[in-house]
Amino acid sequence: MTIPLFDLKSCRTCKQELTSASFHKNARFADGLNSECAECSKARSLAWRERHRSECTERTRQYRKRKKAERDAEHAKYLEENKDRLAAEAAAKRAEQKRKKSEYDRRYYIQNAEKKARYRDENRHRWIEQKKAYYEKHYAENRKAYVERAKARHLKVKGVTVVPFTVEQLEARMAYFGNVCWICQEAPFEHVDHVKPISKGGLHVLANLRPACELCNLRKRNQWPFDLDRFRKRYVA
């Protein structure tokens, strides 16, 4: 196929005679086409970007950052101007979804009532055993926390002032006294003793708790004021 001469154009870069389809349009030139072919233009553009890669990257980053800030500001302005309408639409949508779900659940329950009852009866014993095993395991792993919560709840019912604390804080308090009885200072602690007894107006707070062995705690009972030196002379020495 012969190409008409008037459809050929010379590229200023590669000096080849190419068809007009090989050039980008450019209104600044008399013939409306760019002075270099598309391939040369692309190669020149890639070479320039490679030489100025860091500048291009930074400019692109700044442009995206600026545009994001503009979009965020525009979105925040839109939300502020349409706050009431959007809230009403969201509430209406939630109500509609709740109504549809309620209707679906009711239809499903009616259609599968016998199936659900049979499944429940077949698995009731297994569920009870699983729940029982879970609670037993959880209690064994967190026995100290259960005991302290039960004690605090019991004291609160009695009207005693209770300042909540964690098991870790209680263990740190016992470790402060070396995990030995604060009275005889010999036996390992077995009881958590209220220095000022609850029955004498003592508080259930960390500052009023100390480690005590079973024997010393039982001998101390609810004495207040408590004469530590006299107690040690009588029982420990």
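This text follows the structure it describes.
What comes next is a walk through the structure.

Parameters and conventions
- Residues numbered from 1 in each chain as written.
- Predicted model: local features only at pLDDT ≥ 70, side-chain atom pairs only at ≥ 80, totals over all residues.
- Heavy atoms only, no water.
- Salt bridge = Lys/Arg side-chain N within 4 Å of Asp/Glu carboxyl O.
- Helix = DSSP H or I, 4+ residues; strand = E, 2+ residues; numbered from the N terminus.
- Buried < 20%, exposed > 50% of the residue type's maximum accessible area, 1.4 Å probe, protein only.

1. Considerations on the pattern of salt bridges
Then comes step 1: With the rule as written, the count across this model stands at 13 salt bridges.
Then comes step 2: The salt bridge partner of Lys67 is Glu70, with a shortest N-O separation of 3.6 Å. Taken together, the positions of Lys67 and Glu70, both in helix 2 (residues 53-81) and 3 residues apart, correspond to about one turn of that helix.
Then comes step 3: For Lys67, a relative accessible area of 29% puts it in the partly exposed group.
Then comes step 4: One salt bridge connects Glu103 with Arg99, and the closest N-O pair in it is separated by 2.6 Å. Residue Glu103 and its partner Arg99 are both found in helix 3 (residues 83-111); the two are separated by 4 residues, about one turn of the helix.
Then comes step 5: A network of salt bridges, in which partner residues are shared, links Glu96, Arg99 and Glu103.

2. Thoughts on unusual backbone geometry
Then comes step 1: Between Trp224 and the following residue, Pro225, the backbone shows a cis peptide bond with an omega angle of 0°.
Then comes step 2: Tracing the backbone shows Pro225 in the loop between helix 7 (214-220) and helix 8 (228-236).
Then comes step 3: Backbone geometry at Gln185 places phi at a positive 55°, although glycine is not the residue there.
Then comes step 4: Mapped onto the secondary structure, Gln185 falls in the loop between helix 6 (167-176) and strand 5 (191-194).

Keep in mind these values describe shape, not function.
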